[in-house]
Amino acid sequence: MNKKRVLAVGLGNMGMSHALAYTRIPDYDVVGVCTRNIEKKSLPEPLAKAKRYPDYERALAELKPDVVSVNTMPDTHAEYAIKAMEAGAHVFVEKPMALTVESAEQVVETAKRTRRKLVIGYILRQHPSWIRFIEIARQLGTPLVFRMNLNQQSNGETWDWHKRLLESFPPIVDCGVHYVDVMCQMTKARPVLVHALGARLTDEAAMYNYGVLQVKFEDGSVGWYEAGWGPMMSETAFFVKDVIGPKGSVSIVMAESAGDVKSDDINAHTKTNQILWHHADMSKPDERIDMTDEPDHDALCEREQRYLLRAIDEDLDLTEHMNDGVKSLKIVIAADESVRTGQVVTL
């Protein structure tokens, strides 16, 4: 079997999860890892044989990988993805795939021109419970109301990581692309207006670390998303995933048995526990759909890489996937513009 040679770039929380995911899939071989200060990095046993590089261009030139996994800071995502595809590699790139809409469009154009597969790290698209959540929301009629947030009370290493992310993007952009992407899957209508507000709650970061956006769609659907990072954030109602339509509502809820889940627990960001489905006509009692037996964060990363493998082997058409990536980024970038200008942004 000819294994696909993988270069994993960036070994932070997400990067390490993805690098290890490749090692659990027989069709991949992680031949190289690349990150700054690689000489100081302690690698787990499954990655011990991978060649180490501090320089991305050198790694790309020497290894000539079949697949490049880009999990660096957001300000390098577009550049690294484009260079990889120009060098002949298929690409997995963590979200957000670029700092600007124009750069994201260049990434997609490169994928189309080079005929390379490009998978964007929208982890919820591979999650069976979120897929079910979206399916139910589509049965609620039109227009839809989306109410979502993800606030994280981060401390220590997690807060240090958030402060690094704040050098590129505020939370409503970095995390917001996930949930705006979910909204766009629930309604295929075109987004038309975005309004957002932000607040800088700390002197430890130059950028605002709390934000809330509102988006309006052409079919009358409206969405709300809130996100904040830092030690000052409240643990109260930090995880709201709620959709309302003419025919009822569907929500992701925590069962009483879920225990004391903390907002900075990365598994809590994808875990659903239960889906609550309410029927407006009362034809059925409220349904609680149990989702406790679901993949954890590392298993979801593996599903993303298996999806990339399938896209390569079966020559899947990823045009819609890539265009959706640009659309969701366009909404959150507009939200950041709205925060900075104080104006409603027309898309």
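Residues numbered from 1 in each chain as written. Predicted model: local features only at pLDDT ≥ 70, side-chain atom pairs only at ≥ 80, totals over all residues. Heavy atoms only, no water.

Undergrad: Would you mind showing me how to read the packing of helix H4 (residues 101-114) against helix H10 (residues 319-341) here?
TA: A pair of packed helices can be characterised by two numbers: the angle between their axes and the separation between those axes. In contact at an axis separation of 9 Å, H4 and H10 are set at 175° when each is read in the N-to-C sense. The angle between the axes of H4 and H10 places the two elements in the roughly antiparallel class. Between H4, through Val101, Ala104, Glu105, Val108, Ala111 and Lys112, and H10, the contact on the second element is made entirely by Thr319, Met322, Asn323, Val326, Leu329, Lys330 and Ile333. Here the residues of the contact of H4 with H10 are counted per class, giving eight nonpolar, two polar and three charged. (Axes fitted to C-alpha atoms, helices over the stretch in contact; angles between N-to-C directions. Helix = DSSP H or I, 4+ residues; strand = E, 2+ residues; numbered from the N terminus. Parallel < 35°, antiparallel > 145°, perpendicular 65-115°, else oblique. Contact = heavy atoms within 4.5 Å. Nonpolar A, V, L, I, M, F, W, Y, C, P; charged D, E, K, R; others polar.)

Undergrad: Is there a simple way to think about the packing of helix H3 (residues 77-86) against H4 in this case?
TA: Following both chains from N to C, one finds H3 and H4 inclined at 10°, their axes separated by 9 Å at the closest point. By the criterion of interaxial angle, the relationship of H3 to H4 is roughly parallel. When H3 is examined against H4, the residues Ala78, Ala81, Ile82, Met85 and Glu86 are found in contact with a partner set consisting of Ser103, Gln106, Val107, Thr110, Ala111, Arg113 and Thr114. Each residue belonging to the contact of H3 with H4 can be placed in one class, and the counts come to six nonpolar, four polar and two charged.

Undergrad: It is not clear to me how the packing of aromatic side chains should be interpreted in this structure. Could you clarify?
TA: Aromatic ring pairs are defined here through the distance separating the ring centres and the angle between the ring planes. Following the criterion strictly, the structure yields six aromatic pairs and no others. Look at Tyr56 and Tyr80: their rings are 4.1 Å apart centre to centre, the planes differ by 20°, and that puts the pair in the stacked class. Of the two residues, Tyr56 is situated in helix H2 (residues 56-63) and Tyr80 in helix H3; the sequence distance between them amounts to 24 residues. Just as Tyr56 is buried, Tyr80 falls in that class too. Between the aromatic rings of Tyr179 and Tyr225, the centroid separation amounts to 5.4 Å while the plane-to-plane angle is 20°, which identifies the pairing as stacked. (Phe/Tyr/Trp six-rings, centres within 6.5 Å; stacked < 30°, edge-to-face > 60°. Buried < 20%, exposed > 50% of the residue type's maximum accessible area, 1.4 Å probe, protein only.)

Undergrad: Any chance you could explain the sheet that holds strand E5 (residues 90-93) here in plain terms?
TA: Two modes of strand pairing occur in sheets, parallel and antiparallel, and in both the strands are linked by backbone hydrogen bonds. Read across the open sheet, the six strands follow the order E3-E2-E1-E4-E5-E6; overall the sheet is parallel. The sheet is open, and its two edges are formed by strand E3 (51-53) and strand E6 (118-120), each paired on a single side. The average undirected angle you get between the axes of adjacent strands in this sheet is 20°. (Pairing = 2+ DSSP bridges.)

Undergrad: Looking at this model, I keep getting lost on a nonpolar patch on the surface. Mind explaining?
TA: A surface patch of nonpolar side chains, amounting to about 180 Å² of accessible area, comprises Val145, Val222 and Ile244. Position of Val222 relative to the elements: it lies in strand E10 (residues 222-230). What makes Val222 partly exposed here is its relative accessible area of 35%. (Patch = residues over 30% accessible without salt bridge, like charges linked within 9 Å, V, L, I, M, F, W, Y side chains within 5 Å. Areas by Shrake-Rupley, 256 points an atom, 1.4 Å probe, with all protein chains shown as cover. Salt bridge = Lys/Arg side-chain N within 4 Å of Asp/Glu carboxyl O.)

Undergrad: Whenever I open this one, the side chain of His321 confuses me. Can you help?
TA: Locating His321 in the fold gives a position in helix H10. With residues near it in sequence (within four places) discarded, His321 still touches Leu118, Val119, Ile120 and Arg125.

Undergrad: Please explain the sheet that holds strand E7 (residues 145-153) as it appears in this structure.
TA: Strand order in this open sheet of nine strands is E14-E13-E12-E11-E7-E10-E9-E8-E15, and the pairing throughout is mixed. The open sheet is flanked by strand E14 (287-291) and strand E15 (345-346), the only strands paired with a single partner. The pairing of strand E9 (residues 210-217) with E10 spans seven bridges and is classified as antiparallel. In the strand pairing of E10, Gln214 is matched with Trp224. In the packing of helix H8 (residues 176-186) onto the sheet, the strands contacted are E7, E9, E10 and strand E11 (239-245), and the crossing angle to E7 comes to about 165°. Relative to strand E8 (residues 191-199), H10 is tilted by about 45°, and along the sheet it contacts E8, E9 and E15.

Undergrad: Before we go on, may I ask you to explain unusual backbone geometry in this structure?
TA: Among all residues except glycine, the phi angle is most often negative; among peptide bonds, the trans geometry is most common. In this structure, the amide linkage connecting Lys95 to the following residue, Pro96, adopts the cis form with an omega of -20°. Along the chain, Pro96 falls in the loop between E5 and H4. The step from Thr142 to Pro143 runs through a cis peptide bond, and the omega angle for that step is 0°. Mapped onto the elements of the fold, Pro143 is located in the loop between helix H5 (128-137) and E7. For Arg115, which is not glycine, the phi dihedral falls at a positive 60°. In this fold, Arg115 is placed in the loop between H4 and E6. Here the phi dihedral of Met282 falls at roughly 60°; this positive angle occurs in a residue that is not glycine. Mapped onto the secondary structure, Met282 falls in the loop between strand E13 (273-279) and E14.

Undergrad: Explain the pattern of salt bridges here, please?
TA: Side-chain pairs of opposite charge can arise whenever the charged atoms involved come near each other. A complete count under the given rule lists 21 salt bridges for this structure. With its nearest N and O atoms 2.9 Å apart, the salt bridge here joins Lys4 to Asp313. You can see Lys4 sitting in strand E1 (residues 4-9) and its partner Asp313 sitting in helix H9 (residues 297-313), a full 309 residues away along the chain. With a relative accessible area of 15%, Lys4 lands in the buried category. Under the relative-accessibility criterion, Asp313 is labelled partly exposed at 47%. When salt bridges with common partners are traced through the structure, they connect Arg24, Glu302 and Arg306 into a single cluster.

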